[in-house]
Amino acid sequence: MLWEIIKWEELLTEELKYRQDTLARCCKNTSLYTKEPVNSMLAEIWEVCEEKSNANFNEVFKTAVKKHLKGSGLKMKEIDIIANLFSDTNFYDKEMQINSIRYNTMLLKNVCAEIQKDVNEKARLALYLGVMSGIVTIILLI
Amino acid sequence: MNKEILNVCMKYLTDNRKSQTCEAIREIRMRAGRSISINTARGELFMDKDGNLIYNEESGYRVNTSEIAEFFSYLCKNSAYAFEDEIRKGYVTIQGGHRVGIGGQVVMDYVKGVRTIKNISSLNIRISHEIKGVADPLMQYIYDGVRVINTLIIAPPGCGKTTLIRDMVRQISDGNAYGRGRNVCIIDERSEIAATYMGVASCDVGKRTDVLDACPKHLGMLMAIRSLAPDVLAVDELGDKSDMEAIEFATCRGVSIIATMHGRSSEDYRKKFMDNRMNCFERFIILGKKNGRLTVKGVYKDNGECITSFGEHNDTTWVYRDGNCIQTGSVCKDEDVMGNYQMGGVTYRGA
């Protein structure tokens, strides 16, 4: 799931660079290239922003992220990083807006790296335990 | 920002374009530390903390810089970067064709010029109006047989140049009593004439009209001539000599031009653009404002000859209700000008 979000953020960066559309519009355009539940989350963000002229994009985004990613297996810490993607933005400059998204992507990649490291350690531990238990079993049989 | 005020302001901007509320409001001005000012046909009003319009400035709700920044962020749909180029020019055009002028601290870049505007301290939101029929009394002067004459509309800011050119374009495009429908191309650098949003024009600009939105005028005119083959080109607010070069290019290729510029007389046009250049325009329509109403001062030929003049007491005045022009001609009863209208929960009668 995290890799799906990272992929979307990279798509969003390219979309901003290329079209310079509003964030809601960029969410809609990039939703086509994502899988569930990211797809429906982005579609909902676009619909809400279109419906309510005075909708605050940051609030709409946070609500949608928490709603759609809650049961996706992500931890609250990870969901918070994603939800805060646009919290301190609204830059008047495209480059700064892109940099802020890239910073968020970097945070998510760090989380992925930590998870990967954790998984590797657990795998190694499981391997050691397997080998040890095998040796113990052989000794007992002898 | 105070939710009531935000909702009322957004309602003014997003309300049905033809509602009396929108018709009555011309400008919303926000200045840091000052009351929110609403300019209407009946004068200047202020907004209190509940979003009601009042006369007394002292009782008005005073906005601070962070509230102005927040409101600006709402106007930009939290995507100010999408308006980066416009912010550099000091304004943004939002959904509905309303132009938001920005006051604040300019950040310079010695290569690009103005980089951005920070610490926004004032906003001036000019409400876009679409008034069908507003060009009726002038259409006869912009035709020479079947040809549309190159026409320049000159007026000071806030006199309705854009409203007038929009209706002229609609009538030329759809066809009218003086000529059949023509292919028109609008070079809408500031997205004000057609009020294009997401590629679709919010205003009725006619069935034979193409729009080049957010395109610099001098580039747009060349692009349009080469690719869209228009009979008539419409451009708003001629600014510099590159625009005039493009107009010369267009007129040499047989395309008619309808344009507007800021000024008070055709003399302003000559001073600004006519150093050793050919005069591209054959008609000058001079607009003004009288008692808060849009008036025509006169229509002139390129040699300065006055075709029709509207004297001090016989100005052509447009009377409109519900977004449609209901009467043109001499000054009428005051209450006909705006009719009854409601703003911020208060009903006002007449203008």
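None of the values given here were measured: they were computed from a predicted structure.

(A) Representation of the overall build of chain B. Looking only at helices and strands, chain B features 10 helices and 23 strands. Per-residue burial for chain B yields a buried fraction of 56% across its 351 residues. Approximately 14600 Å² of chain B is accessible, and the part contributed by carbon and sulfur atoms is 45%.

(B) Geometry of unusual backbone geometry. Residue Pro37(A) follows Glu36(A) across a cis peptide bond; omega there is 0°. One can find Pro37(A) in the loop between helix 2 (23-31) and helix 3 (38-51). The phi dihedral of Gln20(A) is positive, around 55°, even though this residue is not glycine. Looking at the secondary structure, you find Gln20(A) in the loop between helix 1 (2-19) and helix 2. Judged by relative accessible area, which is 19%, Gln20(A) ranks as buried. With phi around 45°, Asn119(B) is a residue other than glycine that occupies positive phi space. Looking at the element boundaries, Asn119(B) is found in strand 7 (residues 113-126).

(C) Looking closely at helix 1 of chain A. Residue and element names in this part refer to chain A. Along its 18 residues, helix 1 runs 25 Å from first to last C-alpha, staying within 8% of the 26 Å computed at 1.5 Å per residue. All of the buried residues along helix 1 are Leu 2, Glu 4, Ile 5, Ile 6, Trp 8, Glu 9, Leu 12, Thr 13, Glu 15 and Leu 16. Packed against the buried residues of helix 1 are helix 2, helix 3, helix 4 (57-69), helix 5 (76-83) and helix 6 (94-141).

(D) Quick look at the packing of helix 1 of chain A against helix 6 of chain A. Residues and elements named next belong to chain A. Contact geometry for helix 1 and helix 6: axes closest at 10 Å, N-to-C directions at 165°. The angle between the axes of helix 1 and helix 6 places the two elements in the roughly antiparallel class. Taken as a pair, helix 1 and helix 6 cross one another with a handedness that is left-handed. When helix 1 is examined against helix 6, the residues Leu 2, Trp 3, Ile 5, Ile 6, Glu 9, Glu 10, Leu 12, Thr 13, Leu 16 and Lys 17 are found in contact with a partner set consisting of Lys 94, Gln 97, Ile 98, Ile 101, Arg 102, Asn 104, Thr 105, Leu 108, Lys 109, Val 111, Cys 112 and Ile 115. A breakdown of the residues in the contact of helix 1 with helix 6 according to their chemical character gives 12 nonpolar, 4 polar and 6 charged.

(E) Focus on empty space enclosed by the protein. This model, assessed by the stated rule, comprises 5 cavities of 30 Å³ or more. Taken as a whole, the largest cavity encloses approximately 70 Å³ of empty space. In this structure, the largest cavity is lined by Cys49(A), Lys52(A), Ser53(A), Ala55(A), Phe57(A), Tyr74(B) and Lys77(B). Tallied by class, residues from the lining of the largest cavity come to 4 nonpolar, 1 polar and 2 charged. Roughly 50 Å³ of internal volume is contained in the second largest cavity. Taken together, Arg99(B), Ile187(B), Asp188(B), Glu189(B), Arg190(B), Glu192(B), Lys217(B), Asp236(B) and Glu237(B) make up the full set of residues lining the second largest cavity. Counted by class, the lining of the second largest cavity contains 1 nonpolar, no polar and 8 charged residues.

(F) Quick look at a nonpolar patch on the surface. Residues and elements named next belong to chain A. A contiguous nonpolar patch, built from Leu 127, Val 131, Met 132, Ile 135 and Ile 139 and spanning about 500 Å² of accessible area, is present on the exposed surface. Along the chain, Val 131 turns up in helix 6. By relative accessible area, which is 46% here, Val 131 ends up partly exposed.

(G) Structural view of the interface of chain A and chain B. Contacts between chain A and chain B engage 20 residues on the former and 20 residues on the latter. Around 1900 Å² of area is buried between chain A and chain B when both sides are counted, 49% of it from carbon and sulfur atoms. The interface formed by chain A and chain B contains 1 salt bridge. Of the charged contacts, one joins Asp93(A) and Arg115(B) as a salt bridge, the two residues approaching to 3.0 Å between their closest N and O atoms. Linking chain A to chain B there are 8 residue pairs in polar contact (both at pLDDT 80 or more). When contributions to the side of chain A that touches chain B are tallied by element, the ones reaching two or more residues are helix 2, helix 4 and helix 6 of chain A. No other element matches the 3 residues that helix 2 of chain A contributes to the side of chain A that touches chain B. Of the residues that constitute the side of chain A that touches chain B, the class distribution is 7 nonpolar, 8 polar and 5 charged.

Rules behind the numbers
Just so you know, the residues in each chain are numbered from 1, in the order the chain's sequence is written. Here chains are named by letter from A upward and ligands by number from 1 upward, in the order in which they appear as written. Since the coordinates come from a predicted model, pLDDT governs what is reported: local features require at least 70, and pairs of side-chain atoms require 80 or more to be given and counted, while whole-chain, interface and lining totals use all residues. Excluding hydrogens and water, the side-chain figures rest on all heavy atoms present in the structure. Helix and strand assignments come from DSSP, with helices taken as H or I runs of at least 4 residues and strands as E runs of at least 2, each series counted from the N terminus. The classification of residues rests on relative accessible area computed with a 1.4 Å probe and restricted to protein chains. Under 20% of the type maximum is buried, over 50% is exposed, and intermediate values are partly exposed. Note that accessible areas follow from Shrake-Rupley with a 1.4 Å probe, and for residues the cover is restricted to the protein chains shown. Take the residue count of a helix, subtract one, and multiply by 1.5 Å to get its expected span. In what follows, a contact means two residues having at least one pair of non-hydrogen atoms within 4.5 Å. The angle between two axes is taken between their N-to-C directions and runs from 0 to 180 degrees, where each axis is a line fitted to C-alpha atoms and a helix contributes only its stretch in contact. Any angle between 65 and 115 degrees counts as roughly perpendicular, while under 35 counts as roughly parallel, over 145 as roughly antiparallel, and the rest as oblique. In this scheme, a crossing is called left-handed if the near helix is turned counterclockwise away from the far one by less than a right angle; it is called right-handed if the turn is clockwise. Think of it as three bins: nonpolar holds Ala, Val, Leu, Ile, Met, Phe, Trp, Tyr, Cys and Pro, charged holds Asp, Glu, Lys and Arg, and polar takes everything else, Gly as well. Here a cavity is any set of points on a 1 Å grid over the protein atoms alone where a 1.4 Å probe fits but cannot get out, and a pocket is any open set with protein on both sides within 12 Å along at least 5 of 7 lines; a residue lines the site when it has an atom within 4 Å of a point. Grid points are joined across faces, edges and corners, and a volume is the space filled by probe spheres set on the points. Patches were defined on residues exceeding 30% relative accessible area and lacking a salt bridge, with like-charge contacts within 9 Å and nonpolar side-chain contacts (Val, Leu, Ile, Met, Phe, Trp, Tyr) within 5 Å. The term salt bridge refers to a pairing of a side-chain nitrogen on Lys or Arg with a carboxyl oxygen on Asp or Glu at a separation within 4 Å. Summed over both partners, buried area is the accessible surface (1.4 Å probe) that two parts give up on being assembled. In protein, a polar contact requires one atom able to donate a hydrogen and another able to accept it; more generally it is a pair of N or O atoms within 3.5 Å, and residues adjacent in sequence count only if both atoms are side-chain atoms.

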